[in-house]
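Per-entry structural report
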Amino acid sequence: MKDLSREVSMLCPVCGNDQFESLDEHYPDPSEAPDSALLKCSDCGATYTKEELFQENSEKIELAVEEMKEEVLQEVEKELKKALRQHRTIRKARTELSV
Ligand SMILES: [Zn+2]
């Protein structure tokens, strides 16, 4: 199965920028910072905790999750159909052999 994971970039609710710097000196990388860490928008300078940012972007995240579910379902269906087709081919071959 192909890789269906995707990354949702957080957007600044004020200006829509997706670059943030962590103000937590222990976690300079925003993606590794804990939810309570303060992140600062590199563009407009607004600060949020990571948790607030997640909440602001929750609709976007949910949408991405929904899309991912759809894709997973489609993939599973495709794999199933392929498996069924192979199954039928095998049965057909067996029938031909027994004749
Ligand atoms: Zn901003």
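Residues numbered from 1 in each chain as written. Predicted model: local features only at pLDDT ≥ 70, side-chain atom pairs only at ≥ 80, totals over all residues.

Overview of the overall build of the protein
Helix and strand counts for the protein come out as two helices and three strands. Ordered by position from the N terminus, the helices and strands of the protein form the series β-β-β-α-α. Its C-alpha atoms give the protein a radius of gyration of 23 Å, clearly above 13 Å, the size a compact globule of 99 residues would have. Taken along the three principal axes of its C-alpha coordinates, the protein extends 80 × 25 × 20 Å. Scored against the burial criterion, the 99 residues of the protein give a buried share of 8%. Once local pairs closer than 6 in sequence are excluded, the contacts in the protein between residues at least 24 apart make up 41%. (Helix = DSSP H or I, 4+ residues; strand = E, 2+ residues; numbered from the N terminus. Rg over C-alpha atoms; globule rule 2.2 N^0.38 Å. Buried ≥ 20, exposed ≤ 12 C-beta atoms within 10 Å, placed from the backbone. Contact = placed C-beta atoms within 7 Å.)

Describing the domain arrangement of the protein
Assigned domains within the protein: domain 1 (9-56) and domain 2 (62-99). Computed over C-alpha atoms, the centres of domain 1 and domain 2 are 42 Å apart. (Domains from an automatic or database assignment.)

Here's the deal with the nonpolar core
In this structure, Met-10, Cys-12, Phe-20, Leu-39, Cys-41, Tyr-48 and Leu-53 together form the largest nonpolar core, which totals seven residues. Look past the residues within four positions of Tyr-48 in its chain and what remains in contact with it is Leu-39 and Leu-53. (Core = buried A, V, L, I, M, F, W, Y, C linked by C-beta atoms within 7 Å.)

Description of the sheet that holds strand E3 (residues 47-49)
Within a sheet, adjacent strands bond to each other through the backbone by hydrogen bonds, running parallel or antiparallel. Judged by pairing direction, the sheet is antiparallel, and its three strands sit side by side in the order E1-E2-E3 without closing on themselves. Strand pairing shows two members of the sheet lacking a second neighbour, strand E1 (20-22) and E3, which therefore form its edges. This sheet shows a mean twist of 35° between the axes of neighbouring strands, independent of strand direction. Strand direction decides the pairing type here: E1 and strand E2 (residues 38-41), joined by three bridges, are antiparallel. Its bridge partner lying in E2, Glu-21 is registered against Lys-40. (Pairing = 2+ DSSP bridges. Axes fitted to C-alpha atoms, helices over the stretch in contact; angles between N-to-C directions.)

Overview of the pairing of E2
Residues Leu-39 and Cys-41 line the buried face of E2, whereas the alternating positions Leu-38 and Lys-40 sit on a face that is not buried. The pairing of E2 with E3 spans three bridges and is classified as antiparallel. Considered in E3, the bridge of Leu-38 is made with Thr-49. The loop that links E2 with its antiparallel partner E3 comprises five residues; one of these, Gly-45, has a positive phi angle of about 80°.

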